[in-house]
Every structure is written in structure tokens, then in C-alpha cells.
Amino acid sequence: IARDVKAEAYYSRINHVLRNRPELSKAAVAREALRFAASAGALDAQGRPPKISRGSAVRMGLDDVDDPSLYVAAERKMASVALRYHIAAAGDM
């Protein structure tokens, strides 16, 4: 099974547990998702579950979870690119 498919299953598991187990703390949800990731073979070489972007963690309400069972990717700065263009007039061609 492809790594991205395993990651999608992991994200779906987090959402499922968040919706259906409201009595669990956010850290407990992360630990349950880690167990699921381990059972699906989705852990990386360091034993971490698939990365979750900071934005996804915020949307899921997990951005304040400080637990090794949750792997939130560091924000990457987007490179800025300046584009220059010139629109030639019909007579310039």
C-alpha cells in the first residue's frame, strides 16, 4: 500500500475518533491514531506517524497537543518569486 494512502487512512482515523469519541482528550486521540498508524504500517523509520501540516492540526483542533504521538510538520516558508513581463503592442511584432 502506498505511503500516501496510509497517510490518508491515518488522517481519516483521527477525524473519525474526534467525531465519535468526544470523551477522549486530544492527546488520547493522537495516541489512538498512532496505534492505528502502527497497525497500518504507516510509521516512518523514527516510529512517527504521517506528518500533519500545522494548518491541518489547527483545523482538527490538535495544534495545542504536545505529545510524541502526533507529528506536526514545521511550517515552511514559501519562496517568493518576482515575475517580470512585457506585453508587446501589435505594432511591435
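Keep in mind it's a predicted model, so treat the numbers as computed, not measured.

**Student:** Tell me about helix H1 (residues 3-20), residues and numbers included.
**Tutor:** The terminal C-alpha atoms of H1, which comprises 18 residues, lie 26 Å apart, in line with the 26 Å expected from a rise of 1.5 Å per residue. Looking at H1, one finds that the buried residues are Ala7, Tyr10, Ile14 and Val17. The arc enclosing the buried residues of H1, seen along the axis, measures out at 90°, which places them on a common side. Away from its buried face, by an angle of more than 90 degrees, H1 presents the exposed residues Asp4 and Arg19. Buried residues in H1 make contact with helix H2 (26-39) and helix H3 (54-60).

**Student:** Describe H2, naming the residues involved and giving the relevant values.
**Tutor:** Taking 1.5 Å of rise per residue, 14 residues should cover 20 Å, and H2 covers 20 Å from first to last C-alpha, within 8% of that figure. Those residues of H2 that sit buried are Ala28, Val29, Ala30, Glu32, Ala33 and Ala37. Where the residues of H2 are buried, they touch H1. Once H2 finishes, glycine 41 follows within two positions and takes phi at roughly 70°, a positive value.

**Student:** So what's going on with the side chain of aspartate 67? Residues and values would help.
**Tutor:** Residue position: aspartate 67 is located in the segment after H3. Among the polar contacts made by the side chain of aspartate 67, one reaches the side chain of arginine 31 at a distance of 3.0 Å. Once residues lying within four places of it in the same chain are set aside, the contact partners of aspartate 67 are Ala27 and Arg31.

Rules used throughout
Residues numbered from 1 in each chain as written. Predicted model: local features only at pLDDT ≥ 70, side-chain atom pairs only at ≥ 80, totals over all residues. Heavy atoms only, no water. Helix = DSSP H or I, 4+ residues; strand = E, 2+ residues; numbered from the N terminus. Expected span 1.5 Å × (residues − 1). Buried < 20%, exposed > 50% of the residue type's maximum accessible area, 1.4 Å probe, protein only. Arc of directions from axis to C-beta. Contact = heavy atoms within 4.5 Å. Polar contact = N/O pair within 3.5 Å; in protein donor to acceptor, adjacent residues only side chain to side chain.

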